[in-house]
Amino acid sequence: MRDLVRRIEAATPPGRDRATDALRALAILGVVLGHWLVTALVTDSGTVRAASPLRDMPHLAPVSWLFQTLAVFFVVCGRVAAPGYASARARGTTYGQWLGARTARLWRPVTAVLGVWTVAAAVMLVSGVSPPTVYALLRLVLSPLWFLLVLMALTAATPLVARLHPLWPLAVVLHVDLVRFALGGPAWLGWVNLPAAWLVPYCLGAAWSRGELNGRVAARVLLVGGCAATALLVLFAGYPASMVGVPGAPVSNLDPPTLAAVTFGLAQCGAALLLLDPLRRACARPALWAAVALANLSAMTLFLWHQTALLAVTATGLLAGRPLPGLHTVPDGPGWVPARLAWLPVFAAALLVCWMAFRGHEQRARGRTEVVRGGRGATRHRAEAGHV
């Protein structure tokens with residue numbers, strides 16, 4: 001382990017902003033833990049369905065404030081993509097070559113998930129598992145892929161939006177919500193917000209890369225302004241307090257995104273900018289930086305397989321012959337929360353098994369990575385740790 005830490009430290013260019021990679025790792029960790037905490041699988045009349053503790057315990061909504069970290073991920077993506085594209089063009093790389101390379105990094109790991117679950121779904125149906133149960137499991141595993149579709153669309157639009165002011169997509173979200181909620185417009189109009197909402201932090205990231213968000217004043221304005229706007233929307237405009245979807249709720253802040261999700265994301269971006277200096281100091285420690293670098297190198301694998309890990313543990317627990325607290329029980333009481341927390345290390349162990357089995361797909365999509373393979377040539381590694 002010490003040898004691996006030394007190799008990663010030696011392979012990292014001196015000018016690399018380690019805090020950016022740390023923010024990306026924290027964002028992925030937030031998504032994984034958030035899904036594990038607010039997703040439960042329960043049996044109802046012989047059919048497995050997904051349930052959420054936020055439905056019966058709405059006072060747990062602040063949990064979603066901690067673990068709905070998508071805005072942080074998108075601001076980092078904008079921060080990396082805008083200068084990355086400019087650098088590629090300066091080297092003579094065409095737009096198609098640049099986009100093709102980034103698309104391969106994203107979608108090669110996805111093929112493994114789709115292949116495994118296509119076979120799993122066929123086996124379950126043939127063995128007599130009810131179609132509603134198979135649908136619920138597939139939806140749980142595959143629904144996070146919307147995130148990759150949005151990311152790919154924003155990446156493809158980078159040359160057009162790299163200098164777009166974030167207020168423009170924010171204005172789109174504002175007007176869409178006004179039409180939907182205040183004027184009784186059609187519900188489908190909300191899907192315009194799917195690209196527009198996440199374009200806000202993406203454009204903020206591009207502005208960050210140009211040095212327009214340097215200093216703590218801009219970060220504080222984003223944090224305080226975002227928090228104030230979100231509080232007003234929740235308290236006086238009828239927006240849900242939860243920043244993730246709640247089964248049965250008439251409005252979701254995430255499906256599709258609402259103005260409250262965007263203002264909350266602005267607050268998160270401000271907090272992320274304020275964390276940069278502490279993260280730089282922390283990541284100067286080789287051991288912590290090695291953990292951040294490895295998490296970034298496996299970001300897609302961790303994201304794609306974390307729900308499969310949850311399902312594997314849940315299915316294995318059925319062998320006990322009775323419902324296990326926090327795993328199979330309905331999340332409708334305070335006792336469920338500590339029981340679910342006790343299962344998190346087990347989910348993590350299952351995810352580690354998935355990582356060991358499928359990390360090769362992500363590494364091959366990136367090309368040879370000397371940091372995590374043999375010791376020779378470590379200094380040739382260009383520290384593309386997690387440039388998703």
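Residues numbered from 1 in each chain as written. Predicted model: local features only at pLDDT ≥ 70, side-chain atom pairs only at ≥ 80, totals over all residues. Heavy atoms only, no water.

A. Broad picture of the overall build of the protein. A tally of regular secondary structure across the protein gives 17 helices and two strands. On C-alpha atoms alone, the protein measures out to a radius of gyration of 21 Å, which is about the 21 Å that the 2.2 N^0.38 rule sets for 388 residues. Considering only C-alpha atoms, the protein reaches an extent of 60 × 55 × 40 Å along its principal axes. Per-residue burial over the protein gives 51% buried out of 388 residues. Intrachain contacts of the protein at a sequence separation of at least 6 include 77% that bridge at least 24 residues. With 33 positive and 14 negative side-chain charges, the protein shows a separation of 7 Å between the mean positions of the two kinds. (Helix = DSSP H or I, 4+ residues; strand = E, 2+ residues; numbered from the N terminus. Rg over C-alpha atoms; globule rule 2.2 N^0.38 Å. Buried < 20%, exposed > 50% of the residue type's maximum accessible area, 1.4 Å probe, protein only. Contact = heavy atoms within 4.5 Å. Lys, Arg positive; Asp, Glu negative; His and termini not counted. Charge placed at Lys NZ, Arg CZ, Asp CG, Glu CD.)

B. Fine view of the environment of C77. Considering the arrangement of structural elements, one finds C77 in helix 5 (residues 70-90). The spatial distance from the C-alpha of C77 to the C-alpha of C269 is 12 Å, given a sequence separation of 192 residues. Beyond its immediate sequence surroundings of up to four residues, C77 is in contact with L151 and Y202.

C. Summary view of the nonpolar core. Core analysis: the largest hydrophobic core is formed by 107 residues, its most contacted members being L148, W198 and L304. In this structure W198 touches Q68, L70, A71, F74, W146, V150, L154, N193, L254 and P257, once residues within four positions along its chain are discounted. (Core = buried A, V, L, I, M, F, W, Y, C linked by side-chain atoms within 4.5 Å.)

D. Representation of the packing of helix 5 against helix 8 (residues 145-156) within the structure. For the pair helix 5 and helix 8, interaxial distance at closest approach is 11 Å and the crossing angle is 30°. Considering the angle they form, helix 5 stands roughly parallel to helix 8. Read as a crossing pair, helix 5 and helix 8 show a hand that is right-handed. Taking contact as the criterion, the partners of L70, F73, F74 and C77 in helix 5 are, on helix 8, W146, F147, V150, L151 and L154. (Axes fitted to C-alpha atoms, helices over the stretch in contact; angles between N-to-C directions. Parallel < 35°, antiparallel > 145°, perpendicular 65-115°, else oblique. Left-handed = near helix turned anticlockwise from the far one by under 90°.)

E. Quick peek at unusual backbone geometry. Residues D255 and P256 are joined by a peptide bond in cis, for which omega reads 0°. Within the fold, P256 resides in the loop between helix 12 (216-236) and helix 13 (259-274).

F. Focus on the packing of helix 1 (residues 2-11) against helix 15 (residues 286-297). Two numbers describe how helix 1 lies on helix 15: the axes approach to 9 Å, and their chain directions differ by 80°. The angle between the axes of helix 1 and helix 15 places the two elements in the roughly perpendicular class. Contacts from L4, V5, I8 and E9 in helix 1 reach P286, A287, W289, A290, A293 and L294 in helix 15. Broken down by class, the residue content of the contact of helix 1 with helix 15 amounts to nine nonpolar, no polar and one charged. (Nonpolar A, V, L, I, M, F, W, Y, C, P; charged D, E, K, R; others polar.)

G. Examining helix 5 more closely. Counted at 1.5 Å a residue, the expected span for helix 5 with its 21 residues is 30 Å, and the 30 Å between its end C-alpha atoms agrees. Backbone geometry just downstream of helix 5 places G92 in the positive-phi region, at approximately 95°. (Expected span 1.5 Å × (residues − 1).)

H. Expanded view of the side chain of R180. Note on placement: R180 falls in helix 10 (residues 167-182). Relative accessible area serves as the criterion here: at 14%, R180 is assigned to the buried category. Those residues in contact with R180, other than ones at most four positions away along the chain, are G185, P186, A187, L189, G190, N193, P256, P257 and T258.

I. Representation of the state of the cysteines in the model. One pass over the structure, following the stated rule, counts zero disulfides. No disulfide involves C269; its nearest neighbouring cysteine sulfur is the one of C203, lying 11 Å away. Free of any disulfide, C283 has its nearest neighbouring cysteine sulfur in C77, separated by 17 Å. What makes C283 buried here is its relative accessible area of 1%. (Disulfide = S-S within 2.5 Å.)

J. Fine view of the environment of L142. Of note, L142 is situated in helix 7 (residues 131-142). Owing to a relative accessible area of 27%, L142 belongs among the partly exposed residues under this scheme. A C-alpha to C-alpha distance of 8.2 Å links L142 and L114, two positions 28 residues apart in sequence.

K. Looking closely at the side chain of T301. Locating T301 in the fold gives a position in helix 16 (residues 299-317). Once residues lying within four places of it in the same chain are set aside, the contact partners of T301 are W355, F358, R359 and E362.

L. Up close: the pattern of salt bridges. According to the stated counting rule, one finds nine salt bridges in the structure shown. Across the pair R7 and D3 runs a salt bridge whose closest N-O atoms are separated by 3.2 Å. With a gap of four residues between them, R7 and D3 both fall in helix 1, about one helical turn apart. With relative accessibility at 15%, the residue R7 sits in the buried group. Across the pair R180 and D177 runs a salt bridge whose closest N-O atoms are separated by 3.5 Å. Of the two residues, R180 and D177 are both situated in helix 10; the distance of three residues between them amounts to about one turn of the helix. Connected through shared salt-bridge partners, D3, R6 and R7 make up one network. (Salt bridge = Lys/Arg side-chain N within 4 Å of Asp/Glu carboxyl O.)

M. Molecular detail of the packing of aromatic side chains. Counted according to the given criterion, the structure contains 13 aromatic pairs. Where F74 meets F147, the ring centres are 5.5 Å apart and the plane angle is 55°; that geometry is what we call tilted. With F74 in helix 5 and F147 in helix 8, this pair connects stretches of sequence that are 73 residues apart. Assessed through its relative accessible area of 0%, F74 is described here as buried. (Phe/Tyr/Trp six-rings, centres within 6.5 Å; stacked < 30°, edge-to-face > 60°.)

N. Examining the confidence of the model for the protein more closely. This prediction gives the protein a mean pLDDT of 89; 93% of its residues lie at or above 70. The lowest-confidence element of the protein is strand 1 (residues 40-44), averaging 81 in pLDDT; the highest-confidence one is helix 13, averaging 97. Note that pLDDT drops below 50 for residues 368-388; the model gives that stretch 58 contacts with residues more than four away or on any other chain. (pLDDT = per-residue confidence, 0-100.)

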